[in-house]
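# Coordinate analysis (summary)
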Amino acid sequence: VERKNSTNVLSVGGTNASKSIKKTKPQKKNVKKKENSNPMGSEQTESIWMQRLKSLKQFKEKNGHLMVPAKYKVDTKLGSWVRNQRYQFQKRAQGKPSRLSYEKVRILEELGFVWQAKEDNEDLWNRMFKALQEYKSTHGNCLLPRAYPPNPSLPSWVITQRY
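The model shown is predicted, which means the values in this text are computed figures rather than measured ones. (Residues numbered from 1 in each chain as written. Predicted model: local features only at pLDDT ≥ 70, side-chain atom pairs only at ≥ 80, totals over all residues. Heavy atoms only, no water.)

## Quick look at the nonpolar core
Inclusion rule: Buried Ala, Val, Leu, Ile, Met, Phe, Trp, Tyr and Cys residues that are joined via side-chain atoms within 4.5 Å together make up what is termed a nonpolar core. Buried means the residue's accessible area, taken with a 1.4 Å probe over protein chains only, is under 20% of the maximum for its type, while exposed means over 50%, and partly exposed covers the values in between. Numbering of helices and strands runs from the N terminus, with a helix taken as a DSSP run of H or I at least four residues long and a strand as a DSSP run of E at least two residues long.
Core analysis: the biggest nonpolar cluster contains 17 residues, and Leu-56, Leu-78 and Leu-108 have the highest contact counts within it. Those elements that provide at least two residues to this core are helix H1 (43-63), helix H2 (76-93) and helix H3 (102-111). Of all hydrophobic cores here, the second largest spans nine residues; its members include Ala-131, Leu-132, Tyr-148 and Trp-157.

## Re the packing of aromatic side chains
To keep it simple, the criterion reads: Centres within 6.5 Å are what make two rings of Phe, Tyr or Trp a pair, Trp counting through its six-membered ring; a difference in plane orientation under 30 degrees is then read as stacked, over 60 as edge-to-face, and the rest as tilted.
Tallying each qualifying case throughout the model produces seven aromatic pairs. Measuring from ring centre to ring centre gives 5.6 Å for Trp-49 and Trp-81, while their planes differ by 65°; the resulting arrangement is edge-to-face. With Trp-49 in helix H1 and Trp-81 in helix H2, this residue pair connects regions lying 32 residues apart in the sequence. Ring centres of Phe-89 and Trp-115 lie 4.0 Å apart, and the angle between their planes is 15°; this geometry places the pair in the stacked category. On the criterion of sequence distance, the pair formed by Phe-89 in helix H2 and Trp-115 in the loop between H3 and helix H4 (121-139) is long-range, its members being 26 residues apart. With relative accessibility at 24%, the residue Phe-89 sits in the partly exposed group. Residue classification places Trp-115 among the buried positions, given a relative accessible area of 15%. An aromatic cluster is built from Phe-89, Phe-113 and Trp-115, whose rings are joined through pairwise contacts.

## Comments concerning H4
Heads up, the condition is: In a helix, the anticipated span is given by 1.5 Å times the number of residues less one. The directions considered for the arc are those from the helix axis to the C-beta atoms. Here, residues are in contact when the closest pair of their heavy atoms is within 4.5 Å.
With 19 residues, H4 should reach 27 Å at 1.5 Å per residue; the first-to-last C-alpha distance of 26 Å fits that figure. When we look at burial in H4, the residues that qualify are Met-128, Ala-131, Leu-132 and Tyr-135. When H4 is viewed along its axis, its buried side chains cluster within an angular range of 100° and face the same direction. Set apart from the buried face of H4 by more than 90 degrees, the exposed residues are Glu-122, Lys-130 and Ser-137. Tucked into the core, H4 has its buried residues touching helix H5 (154-162). Note on H4: the residue one or two positions beyond its end, Gly-140, has a positive phi of about 80°.

## Describing the environment of Leu-78
Within the secondary structure layout, Leu-78 lies in helix H2. Leu-78 sits in the buried class, given a relative accessible area of 1%. Considering only alpha carbons, one finds Leu-78 and Gln-51, 27 residues apart in sequence, at a separation of 9.5 Å. Those residues within four positions of Leu-78 in sequence are excluded, and the remaining contacts are Arg-52, Ser-55, Leu-56, Phe-59, Val-68 and Tyr-72.

## A short note on the pattern of salt bridges
Put simply, the test is: What makes a salt bridge here is a side-chain nitrogen of Lys or Arg within 4 Å of a carboxyl oxygen of Asp or Glu, nothing more.
All told, the structure shown has two salt bridges when counted by the stated rule. The closest approach of N and O atoms between Arg-106 and Glu-103, which form a salt bridge, is 2.4 Å. Of this pair, Arg-106 and Glu-103 are both found in helix H3, three residues apart, which corresponds to roughly one turn of the helix. Among the residues examined, Arg-106 registers a relative accessible area of 37% and is labelled partly exposed. Classification of Glu-103 as partly exposed rests on a relative accessible area of 34%. Close ionic contact of Glu-110 with Arg-106 constitutes a salt bridge, the shortest N to O distance being 2.6 Å. One end of the pair is Glu-110 and the other is Arg-106, both in helix H3 and four residues apart, which spans about a single turn.

This is the structure in structure tokens:
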């Protein structure tokens, strides 16, 4: 017969002999979570986020879009930051904890942020074809050099279309 006495000792056969097994509950540490009055994160995190947002706005002014390459050589941290914003947005959409607040989502959306980075094939083809048309109207032909800094992926796209 097993029974518990007032000290949470499991007794076997009604005695507290050496066969008794003491049950212990894991103790919870009495740690208070630091309340953060800033809904967008800690001051340091917020400062970094605002710096990246400023860099993103500058990227948009220069390039006319917000599709920052993952390995953007001009500002390597910006590409990673943009990718992380998309990841955090996905987590939020799945109902998982996310560091991307609704306020940050609103700010990015007002800027025209693209949450889904991958274009479908038809959109990509149309965008590249439009770029080729612009090149032809400027240069009078479709003979792109191997390296074309205004649109580095356009020459390889043209080669792929030819074959």
